[in-house]
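Secondary and tertiary structure notes
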Amino acid sequence: MHAQNQSIGYAPGRAEWLGNHTDYNDGLVLGVGLEVGATVTVQPAPDGQLVLRAEHLGEEMACGLDALRPVGQGAWANYVLGVAAGFLARGAKAQGLNLAIRSTVPMGAGLSSSAALECATARALQQAWGTDFDDMELAKIGQEAEHKFAGVRCGLLDQVTSLFAARDHAVFFDCRSLEVERVPVPPEARFVIVQSGVKHALSDGAYNQRRAECEEAARILGVGKLREATPQLIDEEERSGHLQGAPWRRAMHVVGENARVVTAVDALRAGDLTKVGQLMNESHESSRTLFENSSEELDFLAAEARTIPGCLGARLTGGGFGGAVLAMVRRGTDEGFVKSIGEGVNRAWGKTPQTLVTGAGGA
Ligand code: GLA
């Protein structure tokens, strides 16, 4: 514990730059930390209780350390309680705590407000309870909280990006080997996240359904995970009539996304943002037609974004089915972009969209 017995954990929200629904297929992802995040401040509390106060929501709840269980679907507290349960399951010597939570990550926008909260909680508990899990283990604790306390069978993209995020760097993550590499982001790149205004709830079943479809495609292809599938194998199985319809489309998307991540990392290293932008556009198209996790609103925002001078590429980010579009714009054009997209959306929907302008933020 720090002076005054207080520990503070911070973790940023994340944007999925490329690599859509690749993580739980053991694939490749490129994430970027945001300049907004969650902060969890903890102090000892008596009676073996966790007392949670979400200051940005004005909500409070308490739970005994001996009775950690989910408190109803979608509740923010589950992300905190789930992480505490993960520490306990790994033998942490837990004591009662007061946890004061603050977050500046927009909720339900596909920016992983939940992962930011899990990772900030994990960092604070690590200090308070004196554990020494490495960041990959903390990421797994966060993922377990999603699986067991929120009912979302997510991969590790959100937690790994949040915990490994570094200012002016992207996080290139191989979900099979668990290797993480930080790749410098050229200074001309700025990100604008434009919310569709359609609430995105991963736990509504669509996400888990896509995951099951990927598993089905892998089974038909005779591979453990879609990471092992190649375009040739998919082609053969399609021509022989085994892999058709939705499983074929899901496999094509995942294989295409893995390839796009590799190409994008090379392009980033060469400073070729134009190429990265094209890959973002292709990724959105693949989500729209193959993975079918886009929506009318997200398609509109991505198309509108690309008409604006300075925009290099735009795609849906995160789980999909609502949430937000991530646009990459040239430095110096972000203000103009926000104005133009606001006008375009206003003309179409009669309202101004929420936007977030950010560079690559650190943990
Ligand atoms: C959500 C999940 C991630 C990942 C993305 C899609 O953000 O939490 O694990 O699957 O969707 O790429």
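The rules behind each value
- Residues numbered from 1 in each chain as written.
- Predicted model: local features only at pLDDT ≥ 70, side-chain atom pairs only at ≥ 80, totals over all residues.
- Heavy atoms only, no water.
- Helix = DSSP H or I, 4+ residues; strand = E, 2+ residues; numbered from the N terminus.
- Expected span 1.5 Å × (residues − 1).
- Buried < 20%, exposed > 50% of the residue type's maximum accessible area, 1.4 Å probe, protein only.
- Contact = heavy atoms within 4.5 Å.
- Near = heavy atom within 4 Å.
- Polar contact = N/O pair within 3.5 Å; in protein donor to acceptor, adjacent residues only side chain to side chain.
- Domains from an automatic or database assignment.
- Pairing = 2+ DSSP bridges.
- Axes fitted to C-alpha atoms, helices over the stretch in contact; angles between N-to-C directions.
- Buried area = accessible area lost by both parts, 1.4 Å probe.
- Salt bridge = Lys/Arg side-chain N within 4 Å of Asp/Glu carboxyl O.

All right, on to helix H10 (residues 334–349) then. Compared with the 22 Å implied by 1.5 Å per residue over 16 residues, the 22 Å span of H10 between its first and last C-alpha is a close match. Buried residues of H10: Asp334, Phe337, Ile341, Gly342, Gly344 and Val345, and no others. Looking at the packing, one finds that the buried side of H10 touches strand E8 (189–195), helix H9 (296–306), strand E9 (311–317), strand E10 (324–330) and strand E11 (355–358). Positive phi shows up at Gly350, right after H10, with a value of about 70 degrees.

This paragraph deals with the site of the ligand. Around the ligand, a shell composed of 15 residues is seen, among which Glu16, His21, Asp23, Asp158 and Tyr207 lie nearest. Arg14 places a polar side-chain atom, nitrogen or oxygen, 2.8 Å from an oxygen atom of the ligand. Between the ligand and the protein, one listed contact pairs an oxygen atom with a side-chain N or O atom of Tyr207 at 2.6 Å. Only strand E1 (7–18) and helix H4 (157–164) provide two or more residues apiece to the shell around the ligand. Shared between two domains, the shell around the ligand takes at least three residues from each, and those domains are domain 1 (7–184) and domain 2 (189–358).

Turning to the sheet that holds E11, a few remarks are in order. Read from one edge to the other, the open sheet built from four strands follows the order E9-E10-E8-E11, with strand pairing classed as antiparallel. The open sheet has two edge strands, E9 and E11, and neither has a second partner. Neighbouring strand axes in the sheet, compared pairwise and without regard to direction, differ in orientation by 20 degrees on average. As judged from the seven bridges shared by E8 and E10, these two strands associate in the antiparallel manner. What sits directly across from Arg190, in E10, is Val329. The sheet strands contacting H9 are E8, E9 and E10, and the helix crosses E9 at an angle near 170 degrees.

This part is about the environment of Arg330. Mapped onto the fold, Arg330 is located in strand E10. As a C-alpha pair, Arg330 and Arg190 span 140 residues in sequence and 6.0 Å in three-dimensional space. Once residues lying within four places of it in the same chain are set aside, the contact partners of Arg330 are Glu188, Thr274, Gly310 and Leu312.

The end-to-end C-alpha distance of helix H8 (residues 273–291), which contains 19 residues, comes to 25 Å, matching closely the 27 Å that a straight helix rising 1.5 Å per residue would cover. Glu292 lies just past H8 and shows a positive phi near 55 degrees.

Let us now look at the domain arrangement of the chain. Interface size is commonly expressed as the accessible area that is lost once the parts come together. When its domains are assigned, the chain resolves into domain 1 (7–184) and domain 2 (189–358). Between the C-alpha centres of domain 1 and domain 2 there is a distance of 24 Å. Between domain 1 and domain 2, the residue contacts involve 42 residues of the former and 49 residues of the latter. Summing the contributions of domain 1 and of domain 2, the shared interface buries around 3800 Å²; its carbon and sulfur component is 59%. One can count five salt bridges joining domain 1 with domain 2. For the salt bridge of Arg315 with Glu16, the shortest nitrogen-to-oxygen distance reads 2.6 Å. Here domain 1 and domain 2 share 23 residue pairs in polar contact (both at pLDDT 80 or more) between them. For the side of domain 1 that touches domain 2, the secondary structure elements donating two or more residues are E1, strand E2 (28–44), helix H3 (135–150), strand E6 (169–174) and strand E7 (180–184).

This part is about the pairing of E2. Across the 17 residues that make up E2, a large majority, twelve, are buried. Pairing geometry for E1 and E2, over ten bridges, is antiparallel. Residue pairing in the sheet places Arg14 in a bridge with Gly33 of E2.

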